[in-house]
Every structure is written in structure tokens, then in C-alpha cells.
Amino acid sequence: MHVLGLMRVRNGGPGLGAVLDVLARWCDDIYVVDDRSTDGTAEVLCAHPQVTNVVHARAGPPDDPVPVPVPVPVPVPVSVPAGLELLYRMTDLCRPDWIITADDDQLLEVEGDLRARLEALA
């Protein structure tokens, strides 16, 4: 049985590691869309062993030189539907049996062994 964790995060802050640790209790892999974080979120995601796939949305304007008369676009957050669509498409890479989604500030609590419960349902 393969359990995949999905998360969309922007500036997860100091609590992000704890959320990832909780997900890691049940998930074989965690896929994340990092939505233009400007804090240490990218480093936390890269350092966590269960985070195996991260898409980083660009935090600033494009690196390509822009001609002077053209205004530089202001980066906007990835819309919720687009971010979720991207996460769900990322699941095609591993075809999990189960998916657990969490917010970057959401500490999930489950009594008992969640993996055993999921196995029993399969």
C-alpha cells in the first residue's frame, strides 16, 4: 500500500517541519506545491526526507531581461484551484492507493494506527 501526502504551502514558517513530521508517520511520500514562499520554506521542504517532489512557483519577477517600456508583472499567488489541480496531477507520478491532504498549518491527529485502518479498507 502506498500513501501519498499532498500539501500546498506559502511561507510555512517555523511550524512547517512539525506538520511534515506528522504526515510522514503515515505517508510514504509527500508532494508539495511551494507557492512563492519568501521565508525558509524551500529549505525545510528540501531537508525533509519524506518530501520527494516539490514544485516551486517563482517568488519574484522573471529572470529574463524585460525591455524598459514593458512593466514587470507583479507575482500573484497560484490560485487555489490551479494549485490543487497541479497537486492532483502530480499524483499520476506514483499512483498511490491513498492520498492525505493537509494545510501547512494543520497538525493532524489520529488515534490508533492510520495505516492499519487504511489497509483494512483496501
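Residues numbered from 1 in each chain as written. Predicted model: local features only at pLDDT ≥ 70, side-chain atom pairs only at ≥ 80, totals over all residues. Heavy atoms only, no water.

Asks: Could you give me a rundown of the overall build of the protein chain, with the residues and numbers involved?
Replies: Scanning the protein chain from N- to C-terminus turns up four helices and four strands. In the protein chain, the order of α-helices and β-strands from amino to carboxyl end is β-α-β-α-β-α-β-α. Residues classed as buried in the protein chain amount to 32% of the 122 residues present. (Helix = DSSP H or I, 4+ residues; strand = E, 2+ residues; numbered from the N terminus. Buried < 20%, exposed > 50% of the residue type's maximum accessible area, 1.4 Å probe, protein only.)

Asks: Talk me through the environment of Leu45; I want residue IDs and the actual numbers.
Replies: Summarising the element assignment, Leu45 is placed in helix α2 (residues 41-47). When its relative accessible area of 0% is taken as the criterion, Leu45 is described as buried. Measuring from C-alpha to C-alpha, the distance between Leu45 and Val9 comes to 10.0 Å, with 36 residues separating the pair along the chain.

Asks: Quick rundown of the pairing of strand β3 (residues 51-57)? Include the residues and the values.
Replies: In terms of strand pairing, strand β2 (residues 29-35) meets β3 through six bridges, oriented parallel. Directly across from Tyr31, in β3, lies its bridge partner Asn53. Once the chain exits β2 it traverses α2 before rejoining the sheet at β3, and the crossover so formed is right-handed. (Pairing = 2+ DSSP bridges. Right-handed = clockwise from strand over helix to strand, strands pointing away.)

Asks: An account of the sheet that holds β2 is needed here, citing residue identities and associated values.
Replies: Taken in spatial order, the four strands line up as β3-β2-β1-β4 in an open sheet, and their pairing is parallel. The sheet is open, and its two borders are formed by β3 and β4 (98-103), each paired with just one other strand. Across the sheet, the axes of successive neighbouring strands diverge by a mean angle of 15 degrees, strand direction being ignored. As judged from the six bridges shared by strand β1 (residues 3-9) and β2, these two strands associate in the parallel manner. Each residue of the ladder has a partner; that of Val9, found in β2, is Asp34. With respect to the sheet, helix α1 (residues 16-24) is in contact with β1, β2, β3 and β4, its orientation differing from that of β1 by roughly 160 degrees. (Axes fitted to C-alpha atoms, helices over the stretch in contact; angles between N-to-C directions. Contact = heavy atoms within 4.5 Å.)

Asks: Mind laying out the pattern of salt bridges, listing which residues take part and the relevant values?
Replies: What the rule picks out here adds up to four salt bridges. Of the charged contacts, one joins Arg36 and Asp35 as a salt bridge, the two residues approaching to 3.5 Å between their closest N and O atoms. For Asp35, a relative accessible area of 4% puts it in the buried group. The partner of Glu85 in a salt bridge is Arg89, and the shortest N-O contact between them spans 2.7 Å. (Salt bridge = Lys/Arg side-chain N within 4 Å of Asp/Glu carboxyl O.)

Asks: Outline the confidence of the model for the protein chain, listing residues and values.
Replies: With 81% of its residues at a pLDDT of 70 or more, the protein chain shows a mean pLDDT of 83. Mean pLDDT in the protein chain bottoms out at helix α3 (residues 80-90), which sits at 79, and peaks at α1, which reaches 94. (pLDDT = per-residue confidence, 0-100.)

Asks: Pulling in residues and values, what's your account of the environment of Leu23?
Replies: Position of Leu23 relative to the elements: it lies in helix α1. Since its relative accessible area comes to 1%, Leu23 is described here as buried. Linking Leu23 and Val3, residues 20 residues apart in sequence, is a C-alpha distance of 10.0 Å. When neighbours within four sequence positions are excluded, Leu23 is seen to be in contact with Met7, Ile30, Ile100, Ala102 and Leu108.

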